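Breakdown of the fold
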Amino acid sequence: MLRGLVLSPQEIHPLRVKFASMCRKQGKSSMSRAVLRDLLSLPANADLMCAKAPYDKPLLVLALAKQLYQDEQKDAAIRALEELANHWNKRINPIPHPTGKEMVPPSTKEPARICAKVLLKLLCESAAETEWTEHKARNANILPAGELSFVQQQVSPPYRTSRDNRPPETIAFENTINFYQQAAKYDPDWHKVWHKLASTHFYANYSSKEKPPVLSKQVPASKRAMPVIKSASPPPPAQKSPQPAAFHSSTNTEPLSDCPVPPPLGSLIGLGPMPNFSSPSPAQPYHHHPSPLAFPSGNTMYLEHAAQAVTCFSKALMTSPGSRLEDTLRLMQLWFDFGEHDSVYYALSDNIFDLPVTTWLEAIPQLMARLDCPHEQRSVQLVLRVLGEIAKHRPQANIYTLTVASRSSDEHRSKNAHMVLDKMMEYHSKLVGEAKLVTEELVRCAILWHEQWHDALDDASRVYFHRRMQDNNVQAMFDALRNMNEMMQKGAPTTMKKHSFQQTYSADLKEAGQYVIAFESSGNVKDLNQAWEIYCAVFKKLRDQLATLNSLDLVYVSPNLVSAKDLELVVPGTYDPSAPIVSIQSFSSKMSVITSKQRPRKMMIRGSNGLDYQFLLKGHEDPRQDERVMQLFGLVNPLLANNSETCRRNLTIQRYSIVALSKDSGLIGWVPNCDTLHTLVKEYREKKAKIPLSIEHKTLQKLTQDTERLTTMQKLQCFESALAATQGEDLRQVLWLKSPSSEVWFDRRTNYTRSVACMSMVGYILGLGDRHPSNLMLDRLTGKIVHIDFGDCFEVAMLREKFPERVPFRLTRMLINAMEVTGLDGVFNYTAERVLKMLRTNQESLLAVLEAFVYDPVINWRLVEGMKKDPKAKKEPGGGRAHVIATVNAVLPSTSTTDSIMETIKRKLDGTEFAENDGSNPLEALAVADQLALLVEQATSSTNLCQSYIGWCPFW
C-alpha cells in the first residue's frame with residue numbers, strides 16, 4: 001500500500017504478482033484471487049476462468065495458472081500454461097542451423113527461462129512428476145514384479161493412434177524425460193531442471209535394476225501396492241476454447257516440427273529424439289533406448305540411466321547457486337554402486353573433475369569411507385583422484401582425516417591414505433608433518449596408559465569371571481590383555497606420565513604376565529589365580545588413582561604439544577573455504593578431566609585470530625557416526641531457514657564440530673553455556689527440593705528388586721507408584737529460578753518448547769534413541785534443548801535384544817511440565833506439526849542424505865553393535881576390548897536389513913508408518929496432524945515408558 005503511493009501500477013505490478021503468490025502459499029486463497037482479479041481487470045466476484053490471459057505478462061499467467069490449479073480447475077491451468085509456452089516459443093523463434101538439420105537454442109535469456117519454467121510446471125500439474133519422483137519410484141520395492149514402478153499415467157482413448165501401441169507407462173516416462181530435457185535445452189544454467197532430470201534417471205536406474213518389468217504384463221489396480229494418482233484430463237480441442245489457438249490439436253498425431261515445446265503428458269503426441277546432454281567417452285558411446293520398458297533378458301538399461309544420472313547431477317552441481325549436499329550424495333551413490341561399469345565410469349571421468357573442489361568438501365566423510373576398498377578398483381581410483389585434488393587445492397579440509405586414516409589397521413585404508421598424503425607432501429610437506437604430530441599427541445592425551453590398563457583389566461575380568469561358569473573363556477581374557485603387554489614392550493616411555501606409570505606398575509605387571517605365560521604352558525590353575533591376585537591389586541590402585549584425576553598438565557603427558565607454536569595447521573573443526581584460515585597458535589598448558597565414566601578432557605586451543613577454542617577430547621568412543629549426523633543437521637537447518645513457517649520461529653538444530661583422531665577418539669567442539677538435564681535436576685534436588693536424586697528409583701526398589709521378571713501390567717503399576725513419589729516439576733522450576741526476569745523466562749520457555757518439538761520430529765525421522773537426561777542439554781542463555789551423543793540412530797535402540805525402547809522420542813512428564821500451562825496442546829503441537837510437514841515436503845533431500853548414511857560402511861558396523869548392546873550394562877570404553885572380541889567375526893547388516901531401515905524412513909516421511917500393509921490395499925498416508933497425534937500418544941504412554949531401562953530415567 002505504501003509503495004503504491006509513490007510507484008505507478010506498471011512499476012508495482014511484479015510486486016503485486018508476488019504478493020498474490022505469497023497469499024496462495026499461506027492458504028489465503030480469497031486474498032490471492034482478489035489480487036489476481038485486480039491485476040486482470042476483472043469484476044470483484046468474477047470467476048478467474050473468465051480471464052483472458054495476458055501472455056505479454058508471463059509471471060501473471062503463471063500465478064493465474066497456479067491459482068486455478070489450486071482451485072481444482074486443473075484443465076484450465078494446464079491449458080493456460082500450454083498456450084503461454086506456445087506464445088513465448090513463437091516469440092523466441094529458434095533460428096535454423098545453416099545446414100537445416102539442427103535447431104539452435106534461443107538466445108534470449110528471459111523468454112528461455114519462462115519456457116523452461118512452464119515446461120516444469122506443466123509436468124508437475126500433469127501429475128506425472130508426483131507419481132514418478134515421489135510415490136512410485138520411492139516405493140519400487142513393494143510393487144508387484146512385472147510392473148515398472150515409476151508412472152501409472154493413463155492415456156485417454158481419443159489420443160491413441162493405430163501406429164503407436166506402446167503401453168502408457170512407456171509414453172509417460174518418455175514424455176517426462178522429454179519435458180525435462182527440453183527445459184534444460186531452453187535454460188541450461190538452471191539448477192532445478194538438471195536436478196529433476198537427474199532424479200528421474202536416478203530412480204529409473206534403481207527401479208529397473210531391481211525389478212526389470214515385463215512389457216505386456218498389466219497388474220490390476222486392486223493388486224497394486226501403491227495408490228494410483230489419476231492424471232489430469234487432456235485439454236479440450238483448441239477450436240472449443242475461447243482462448244487463443246491451443247498449443248496442440250487432438251487431430252494432429254505428428255510431432256510439431258516448428259515448435260519444440262512438448263505436449264501434455266496425457267497425450268501421445270511425443271517429441272522427436274532429444275539431444276543427449278551427456279558427454280560420453282569415444283570409447284564408450286551412449287545409445288538412446290526408445291523405452292525403459294523394452295528390457296531384454298539380462299538387460300543393462302539401468303546402467304545407461306545411471307550414466308545419464310551422473311551427467312545430469314554433475315550439471316546440477318555446476319549450476320547450483322550454493323551447497324547441494326543431496327545432489328552430491330546421490331552422485332556418489334551411483335559412483336560407488338556402478339562405478340566399475342564402463343558406461344558409468346566414463347560418465348564419471350568426464351564430469352566429476354569439472355566440478356569445483358568445494359563441491360566435495362561436505363562429502364569428505366563418505367569419500368574417506370571408500371578407502372577401505374582395494375585401490376585397483378576403478379571407482380576407488382576416482383576417489384583417490386578427487387581426494388588428491390582436495391589435498392592439492394584445499395589441504396586443510398582433509399588433512400586430519402587423511403592423517404588418521406594413514407594409521408588405520410586396515411591395510412587398504414592405510415595404503416590409500418598414504419598415497420594421497422604422499423601427493424600432498426609435494427605441495428604442503430610442513431602441514432603434513434604438523435598434522436601427524438598433533439593427532440598422535442592428542443590421542444596420547446585422550447587415553448593414558450593408566451586408563452588403558454584399567455579398562456583392559458576390567459574387560460578381561462568381565463570376560464573371564466562373568467563367563468567362566470558357562471564357557472571358561474580363558475583365551476578371550478588373554479586376547480584382552482595381549483595388546484597391552486605388547487604396548488609395554490615396544491620401547492622406552494616418551495613422557496613423564498608414562499615414566500611414572502612404568503615405575504609404579506611395571507614390576508607387578510611383568511610378574512603377572514609371567515604367571516600367565518606359565519599357565520599357558522602348564523595349564524596349572526594356581527598360576528592363573530596368582531596372576532589375577534596381582535592384576536586385582538593393580539586394578540584397585542589404578543581405580544583409586546583415576547578417581548582423583550581432575551586435571552592433566554601437558555608438560556607431563558605431551559611435551560610436544562607444549563612446544564607446538566604458530567602452526568600452519570588449521571584449528572580443528574573451523575575450516576571454512578569462504579573464510580580466512582584460523583591456524584593453531586598454541587595449546588593450553590592444562591586439560592580439565594570431567595568426572596564421568598569415560599573421563600573426557602576439556603581443552604583449549606588458541607587460534608591465530610586471538611580467540612580461544614574449547615574442545616572436548618574424548619576417548620573410548622568412535623566419533624564418526626556423530627560426524628555423519630552433523631551432516632544431516634547441516635541439511636535440515638537450511639530447510640528450516642527457507643521455510644516461512646519454521647523460519648519465523650527461529651528453529652535451528654545446534655551443531656558442533658567433530659574431528660576424528662582415531663577409531664576410538666576424537667575432538668568435539670564445546671557447546672558453551674550448557675548443562676545436561678541430569679546435572680540440572682541433581683543441582684535442584686540437592687539445593688532446593690532437598691530430596692534424593694534417585695527417589696523414584698528407590699521407591700521402585702522398595703516394591704520389587706527384579707523388574708525384568710515382571711509382566712507389563714506389573715511394571716506399569718510399579719512405574720505409576722514410583723511417579724507418585726515426586727511431582728516432576730524439577731525442570732520447570734529450573735527454568736523459572738535461573739531466569740532474571742519474567743520476560744526472559746517467557747522467551748526461554750518458548751525457545752525450550754520449540755526446540756523440544758523440532759528435535760523430536762527430526763529425531764523421529766532419524767530413528768534417534770538413547771535420549772537419557774545426560775544426552776540432553778539445556779542452554780542457560782536461550783533455553784533451547786541441545787542433543788549430544790548420536791550413537792543410537794536408525795532405531796537400533798528399538799531393535800536391540802535387551803531393553804528395546806518403545807517410544808519414538810523422549811517426551812516424559814518433566815519435559816511436558818516445563819512447557820507450562822498449554823502443555824502439548826500449544827506451542828509444542830503447533831511447532832512439531834510444521835516441522836514434520838517441512839520434513840515430509842523435503843523428503844527427497846533427506847532421503848539422499850539418509851541413504852548415504854545407512855549404506856555407509858561405518859554406520860553398518862554401528863548398526864550391528866547397537867542391536868546387540870545391553871543399555872543396562874556398563875558402557876564399554878571404545879566398544880570395549882571384550883566387545884571387540886565378541887564382534888570381530890560379526891557380519892555386516894544384510895542388504896535386506898539396510899533396505900528395511902530405508903523403507904521405514906520412507907514410510908515415516910510418507911505418513912504411512914502406521915498403516916497396515918497387507919499387500920492387497922494401497923497404503924493410506926495420514927495427515928500430518930494425525931501422524932503427530934499418534935507419535936505423541938506413543939511417546940507419552942506409561943505402558944511404553946515403564947518398559948525402559950532405569951538409566952533412561954523414564955520417571956523424569
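Okay, so let's go over this structure. Worth saying up front: this structure is predicted, and the values here are computed from it rather than measured.

With respect to the nonpolar core
Ranked by internal contacts, the top residues of the largest apolar core, which has 213 residues, are Trp335, Trp360, Leu367, Phe587, Tyr752 and Leu811. If you tally residues by element for this core, the top one is helix α16 (residues 411-446), at 11 residues. Excluding its chain neighbours within four sequence positions, the residues that come into contact with Tyr752 are Leu731, Leu735, Leu778, Gly783, Ile785, Met814, Leu815, Ala818 and Met819. Of all hydrophobic cores here, the second largest spans 27 residues; its members include Met488, Ala512, Ile534 and Tyr535.

Description of the packing of aromatic side chains
For the coordinates displayed, the defined rule picks out 12 aromatic pairs. A ring pair is formed by Trp335 and Trp360, whose centres lie 5.7 Å apart and whose planes are at 75°; its orientation type is edge-to-face. Taken together, the positions of Trp335 in helix α11 (residues 325-338) and Trp360 in the loop between α12 (342-351) and α13 (364-369) put the pair 25 residues apart, joining distant regions of the chain. In this structure, Trp335 and Trp360 share a single accessibility class: buried. Here Phe633 and Phe790 contribute two aromatic rings whose centre-to-centre distance is 5.4 Å and whose plane-to-plane angle is 80°, an arrangement assigned as edge-to-face. With Phe633 in helix α23 (residues 624-642) and Phe790 in the loop between β10 (785-787) and α30 (796-799), this pair connects stretches of sequence that are 157 residues apart. Across the pair, Phe790 and Phe633 agree in class, each one buried. An aromatic cluster is built from Phe202, Tyr203 and Phe313, whose rings are joined through pairwise contacts. Sitting over the face of the ring of Tyr345, Arg378 holds its NZ or CZ atom 4.3 Å from the ring centroid.

Focus on the packing of helix α14 (residues 378-393) against helix α15 (residues 395-406)
For the pair α14 and α15, interaxial distance at closest approach is 6 Å and the crossing angle is 120°. Relative to α15, the element α14 is oriented oblique. Where α14 approaches α15, its residues Leu387, Ile390, Ala391, Lys392 and His393 are matched on the opposing element by Pro395, Ala397 and Asn398.

Observations concerning the sheet that holds β10
If you walk across this open sheet you meet the three strands as β8-β9-β10, and the pairing is antiparallel. Sheet topology places β8 (674-676) and β10 at the edges, where each strand pairs with a single neighbour. Strand-to-strand twist in this sheet, taken as the mean axis angle between neighbours without regard to direction, amounts to 35°. Two strands pair when backbone bridges link them, and strand β9 (residues 776-779) and β10 are joined in this way by three bridges, in the antiparallel orientation. Pairing of Met777 across the sheet is with Val786, part of β10. Along the sheet, helix α25 (residues 677-689) makes contact with β8, β9 and β10, crossing β8 at roughly 80°.

Criteria and thresholds
- Residues numbered from 1 in each chain as written.
- Predicted model: local features only at pLDDT ≥ 70, side-chain atom pairs only at ≥ 80, totals over all residues.
- Heavy atoms only, no water.
- Core = buried A, V, L, I, M, F, W, Y, C linked by side-chain atoms within 4.5 Å.
- Buried < 20%, exposed > 50% of the residue type's maximum accessible area, 1.4 Å probe, protein only.
- Helix = DSSP H or I, 4+ residues; strand = E, 2+ residues; numbered from the N terminus.
- Contact = heavy atoms within 4.5 Å.
- Phe/Tyr/Trp six-rings, centres within 6.5 Å; stacked < 30°, edge-to-face > 60°.
- Lys NZ or Arg CZ within 6 Å of the ring centre and 35° of its normal.
- Axes fitted to C-alpha atoms, helices over the stretch in contact; angles between N-to-C directions.
- Parallel < 35°, antiparallel > 145°, perpendicular 65-115°, else oblique.
- Pairing = 2+ DSSP bridges.

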